[in-house]
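# Structural overview for review
Next come the chains, spelled out residue by residue.
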Protein chains: 4
Amino acid sequence: MNSDLQSLTESLRDFAKARDWEQFHSPKNLAAALTVETAELLEHFQWLTEEQSRNLPAAKQAEVAAEAADVLLYLLQLCDKLGIDLVQAARQKLALNAEKYPVDRSRGSSRKYTEI
Amino acid sequence: MNSDLQSLTESLRDFAKARDWEQFHSPKNLAAALTVETAELLEHFQWLTEEQSRNLPAAKQAEVAAEAADVLLYLLQLCDKLGIDLVQAARQKLALNAEKYPVDRSRGSSRKYTEI
Amino acid sequence: MNSDLQSLTESLRDFAKARDWEQFHSPKNLAAALTVETAELLEHFQWLTEEQSRNLPAAKQAEVAAEAADVLLYLLQLCDKLGIDLVQAARQKLALNAEKYPVDRSRGSSRKYTEI
Amino acid sequence: MNSDLQSLTESLRDFAKARDWEQFHSPKNLAAALTVETAELLEHFQWLTEEQSRNLPAAKQAEVAAEAADVLLYLLQLCDKLGIDLVQAARQKLALNAEKYPVDRSRGSSRKYTEI
């Protein structure tokens, strides 16, 4: 884990401990909270066209940034509870994806992830 | 953005570009994909007790790590498309939360987030 | 509750009882399972354009129907556990929405739900 | 489709048409909105124990009923746009599940859905 994410993780530990919230932070509950936060992020985009989603007004952009922050904060807490090194896991997944979706067979196909 | 996340973000850019997948990666679509991935993570916990979720078998732990990785990878791509500095946004959100949930009023309350 | 939904609800009760699955079906767990199923439904649409989503191939249409069915089955089980009359609740919500979004102020606005 | 759900579906059609909201209601967008609503429902349960989720206070119960209503209303609109008969799809899925999870092999197993 790199130093920025490590530092955020430690701040989150202190934050929960000071409020005695660790009792609520089982991995099961954190996974639910993480899903709720991503849906709040999705809510900002649900009625936009794809084109509109590429050109957010500044106020909307700031709201989306705050929701993205919430997603990261719950993801870090979940990984902390489970002893998962998030950056290492992401690197491994990226390497696996490179094998799973070879450039020559995947180019430009919208069936990319689930249906190849 | 710190160097590990920056490096992952650049790898993701190259990955999508090589496969001509940028056409699919509107912020709207990435927000949907992010939500789908968090739900896949939640699926691992849905029938477990909180206690079981704190003590995952090694095989389950590895599957959860791979789903957490997917969540981070989509979150980074979404922030990259929108020009959001994810680590900075997380630090700001943590500072806001410290104001919103003062230690003396929030201690041990399960109503913590939504109902105070 | 009308007779078709009542009949489905009773079949679901028998199904869970015969398998001794009631122990897993707390409202909390059913709400998580419901969210997971809607995300599986969303997954079918995540990389499609809106236009493509209006013209699904027959095989995709059948998969979406099966996911929609799963959503209804978990929603009925959740409402059954909580003693909620789903059709009555839906009628009440529709009446509330008619007050919340008056025709003359809501026409054609994409800000419709969250931002008016 | 039975008469209550048919009647709700027709009311939803009139509601969207009167507000010129049909332009926003592509299946893709409705699937996103459906997911957002189920996450709002899940939010009510995320910090509760399973036991607490079985014994909601009356005010919370009413909020959950309103969220469940929203889930049904979007699900009906999605099925209407796609020409899916929701009740028939649910009956078919229940029949498939009875084959997939035979009573004698599924009894009392928390691995029930995904891992058998």
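Residues numbered from 1 in each chain as written. Chains lettered and ligands numbered in written order. Predicted model: local features only at pLDDT ≥ 70, side-chain atom pairs only at ≥ 80, totals over all residues. Heavy atoms only, no water.

## With respect to the overall build of chain A
- What chain A contains, in helices and strands, is six helices and zero strands.
- Reading chain A from its N terminus to its C terminus gives the helix and strand order α-α-α-α-α-α.
- For 116 residues, the compact-globule formula gives about 13 Å, and the C-alpha radius of gyration of chain A, at 18 Å, lies well above that figure.
- Relative to its full complement of 116 residues, chain A shows a buried share of 57%.
- In chain A, the proportion of contacts linking residues at least 24 apart, taken out of those at least 6 apart, comes to 65%.
- Each charge class in chain A was averaged separately, 14 positive and 18 negative side chains, and the resulting centres sit 8 Å apart. (Helix = DSSP H or I, 4+ residues; strand = E, 2+ residues; numbered from the N terminus. Rg over C-alpha atoms; globule rule 2.2 N^0.38 Å. Buried < 20%, exposed > 50% of the residue type's maximum accessible area, 1.4 Å probe, protein only. Contact = heavy atoms within 4.5 Å. Lys, Arg positive; Asp, Glu negative; His and termini not counted. Charge placed at Lys NZ, Arg CZ, Asp CG, Glu CD.)

## Observations concerning helix α1 (residues 3-18) of chain B
Residue and element names in this part refer to chain B.
- Between its terminal C-alpha atoms α1 stretches 22 Å, which fits the 22 Å expected from 16 residues at 1.5 Å a residue.
- Where α1 is concerned, the buried positions are Asp4, Leu5, Leu8, Thr9, Leu12, Phe15 and Ala16. Within α1, the buried residues cover an arc of 135° as seen down the axis, which keeps them to one side. Turned more than 90 degrees from where α1 packs its buried face, Ser3, Asp14 and Lys17 sit exposed.
- In the stretch just after α1, Asp20 is the one whose phi turns positive, near 55°. (Expected span 1.5 Å × (residues − 1). Arc of directions from axis to C-beta.)

## As for the relation of the copies chain A and chain B
- For the match of chain A to chain B, the screw axis carries a shift of 0.0 Å, the RMSD comes to 0.0 Å, and the turn is 180°. Overall, the copies show the geometry of a two-fold rotation axis. Minimal C-alpha distance to the rotation axis in chain A is attained by Thr35 of chain A, lying at 3.3 Å.
- Counting the interface residues of chain A, we find that 99% of their copies in chain B are interface residues as well, pointing to one common contact surface. (Least-squares fit on C-alpha atoms with pLDDT ≥ 70 in both.)

## Focus: the confidence of the model for chain A
- The share of residues in chain A with pLDDT of 70 or more is 92%, and the mean pLDDT across the chain is 93.
- For this predicted complex, the interface confidence comes out at an ipTM of 0.93, alongside a pTM of 0.94. (pLDDT = per-residue confidence, 0-100.)

## Observations regarding the interface of chain C and chain D
- Each side of the interface is counted separately: chain C has 71 residues, and chain D has 71 residues.
- Our count for the chain C to chain D interface comes out at four salt bridges.
- Of the charged contacts in the structure, one is a salt bridge between Arg91 of chain C and Asp4 of chain D, with a shortest N-O distance of 3.1 Å.
- Our count for the contact surface shared by chain C and chain D stands at 27 residue pairs in polar contact (both at pLDDT 80 or more).
- Where the side of chain C that touches chain D is concerned, the elements lending two or more residues are α1 (3-18), α2 (27-43), α3 (50-53), α4 (58-82), α5 (86-100) and α6 (103-106) of chain C. (Salt bridge = Lys/Arg side-chain N within 4 Å of Asp/Glu carboxyl O. Polar contact = N/O pair within 3.5 Å; in protein donor to acceptor, adjacent residues only side chain to side chain.)

## What to know about the relation of the copies chain C and chain D
- With an RMSD of 0.0 Å, chain C superimposes on chain D once it is rotated by 180° and translated 0.0 Å along the axis.
- Interface residue correspondence from chain C to chain D reaches 100%, placing this contact among same-surface, isologous pairings.

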